Amino acid sequence: MARQTFDNLDLKILHALTVNARTPYLEIAREFGVSGAAVHQRVQRLMTNGVITGTCCTLSAEALGFTTVAYVGLNLQPEADFDHVISSLREIPEVTECHLVTGPYDLLIRLEAHDNSHLFELVQKRLRPLGIVRTETMLSFREEFKRTLPIENE
C-alpha cells in the first residue's frame, strides 16, 4: 500500500481515535466544528483505504491470570514447513504475536502464561512438537509503554 497523505481534519480524527477508539463520532465532530456525517464519511474512507485496520478491546492479561510475558525466539528444523508451523502457532491461544524475523531466529513469538511453570509447559509440550529445534526465551518484567505510530504528513 502506498503511503497516505492526510488533511488537517483526517489528522485530528486519527489522533482522537488513537487516544480513545470508542470516542463517538458526534463528539469528535463537535470538537472540530464539523458534522457527524463528515466524521463518519472520513472514518469510512480511512478504513476503505486501509489506514484504520480495526479497533480492539484491550484486556489486562494480569487480570485474566496471565502474569508471565515472554518473547521466544524459535529455530525450526531445516525441513520445517513455515506455513504449517505458523498455522499451528495460531491455534495456541497463549501465543499473542508471531513475527518472521531476520537474525538468529526463524520466528519470534510473544507468549502470555499464568506463571513460569505454565510457560515451561507451553514451550515443551506445545512448541517443541511443531518441529522447533531450539528456543531462546526472554522474560518481560514489565511493559513500560506501548503506542501507535505518529501520524504525520510529508
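Residues numbered from 1 in each chain as written. Predicted model: local features only at pLDDT ≥ 70, side-chain atom pairs only at ≥ 80, totals over all residues. Heavy atoms only, no water.

(A) Geometry of the overall build of the protein chain. Counting its secondary structure elements, the protein chain contains five helices and four strands. The secondary structure elements of the protein chain, listed N-terminal to C-terminal, are α-α-α-β-α-β-β-α-β. The globule rule puts the C-alpha radius of gyration for 154 residues at 15 Å, and the 20 Å found for the protein chain is more than 25% above it. A principal-axis box enclosing the C-alpha atoms of the protein chain has dimensions of 60 × 35 × 25 Å. Counting across all 154 residues of the protein chain, residues that qualify as buried make up 29%. Within the structure as shown, the protein chain displays about 10700 Å² of accessible surface, and the carbon and sulfur contribution to it stands at 53%. Between the mean site of the 15 positive side-chain charges and the mean site of the 20 negative ones, the protein chain shows a separation of 5 Å. (Helix = DSSP H or I, 4+ residues; strand = E, 2+ residues; numbered from the N terminus. Rg over C-alpha atoms; globule rule 2.2 N^0.38 Å. Buried < 20%, exposed > 50% of the residue type's maximum accessible area, 1.4 Å probe, protein only. Areas by Shrake-Rupley, 256 points an atom, 1.4 Å probe, with all protein chains shown as cover. Lys, Arg positive; Asp, Glu negative; His and termini not counted. Charge placed at Lys NZ, Arg CZ, Asp CG, Glu CD.)

(B) Summary view of the side chain of E112. Among the secondary structure elements, E112 is positioned in strand β3 (residues 107-113). Overall, the relative accessible area of 10% leaves E112 in the buried class. Separated by 2.8 Å, the side chains of E112 and R110 make a polar contact. What E112 contacts, discounting residues up to four positions off in sequence, is A61, F66, T68, V69, E94, T96, H118 and L122. (Polar contact = N/O pair within 3.5 Å; in protein donor to acceptor, adjacent residues only side chain to side chain. Contact = heavy atoms within 4.5 Å.)

(C) A look at the layout of surface pockets. The space that makes up the largest pocket amounts to roughly 1600 Å³. As for the largest pocket, its lining consists of 43 residues, and the residues nearest its centre are C56, C57, T58, L59 and K146. Elements with a minimum of two residues in the lining of the largest pocket: α1 (8-19), α3 (36-48), β1 (68-76), β2 (95-100) and β3. The residue makeup of the lining of the largest pocket, split by class, is 21 nonpolar, eleven polar and eleven charged. (1 Å grid on protein atoms, 1.4 Å probe; cavity = no way out; pocket = protein on both sides within 12 Å on 5 of 7 lines; lining within 4 Å. Points joined across faces, edges and corners; volume = space filled by probe spheres on them. Nonpolar A, V, L, I, M, F, W, Y, C, P; charged D, E, K, R; others polar.)

(D) Highlighting the nonpolar core. Formed by 19 residues in total, the largest nonpolar core has its most connected members in L74, L89, I92, I109, L111 and L127. Elements with a minimum of two residues in this core: β1, α4 (82-90), β3 and α5 (116-127). L127 has contacts with L74, L89, I92, I109, L111, L122 and I132, leaving out every residue within four places of it along the chain. If you look at the next biggest cluster of nonpolar residues, it comprises twelve residues, including L9, I13, A29 and V39. (Core = buried A, V, L, I, M, F, W, Y, C linked by side-chain atoms within 4.5 Å.)

(E) Fine view of α3. With 13 residues, α3 ought to run about 18 Å at 1.5 Å a step, and its terminal C-alpha atoms sit 18 Å apart, in line with that. Every buried residue of α3 is accounted for by V39, V43 and L46. Projected down its long axis, α3 carries its buried residues within an arc of 60°, all on one side. Of the exposed residues in α3, those oriented more than 90 degrees away from the buried face are Q41 and T48. Looking at the packing, one finds that the buried side of α3 touches α1 and α2 (25-32). (Expected span 1.5 Å × (residues − 1). Arc of directions from axis to C-beta.)

(F) Geometry of the pairing of β3. Among the seven residues of β3, six are classified as buried, and the element is accordingly described as predominantly covered. For β1 and β3, the ladder comprises seven bridges, and the chain directions are antiparallel. Bridging from a neighbouring strand, A70 pairs with L111 of β3. Bridge count for β2 against β3 is five bridges, and the pairing is antiparallel. When the bridges of β3 are listed, E97 appears paired with R110. What sits between β2 and β3 in their antiparallel hairpin is a turn of six residues, with G103 showing a positive phi close to 100°. (Pairing = 2+ DSSP bridges.)

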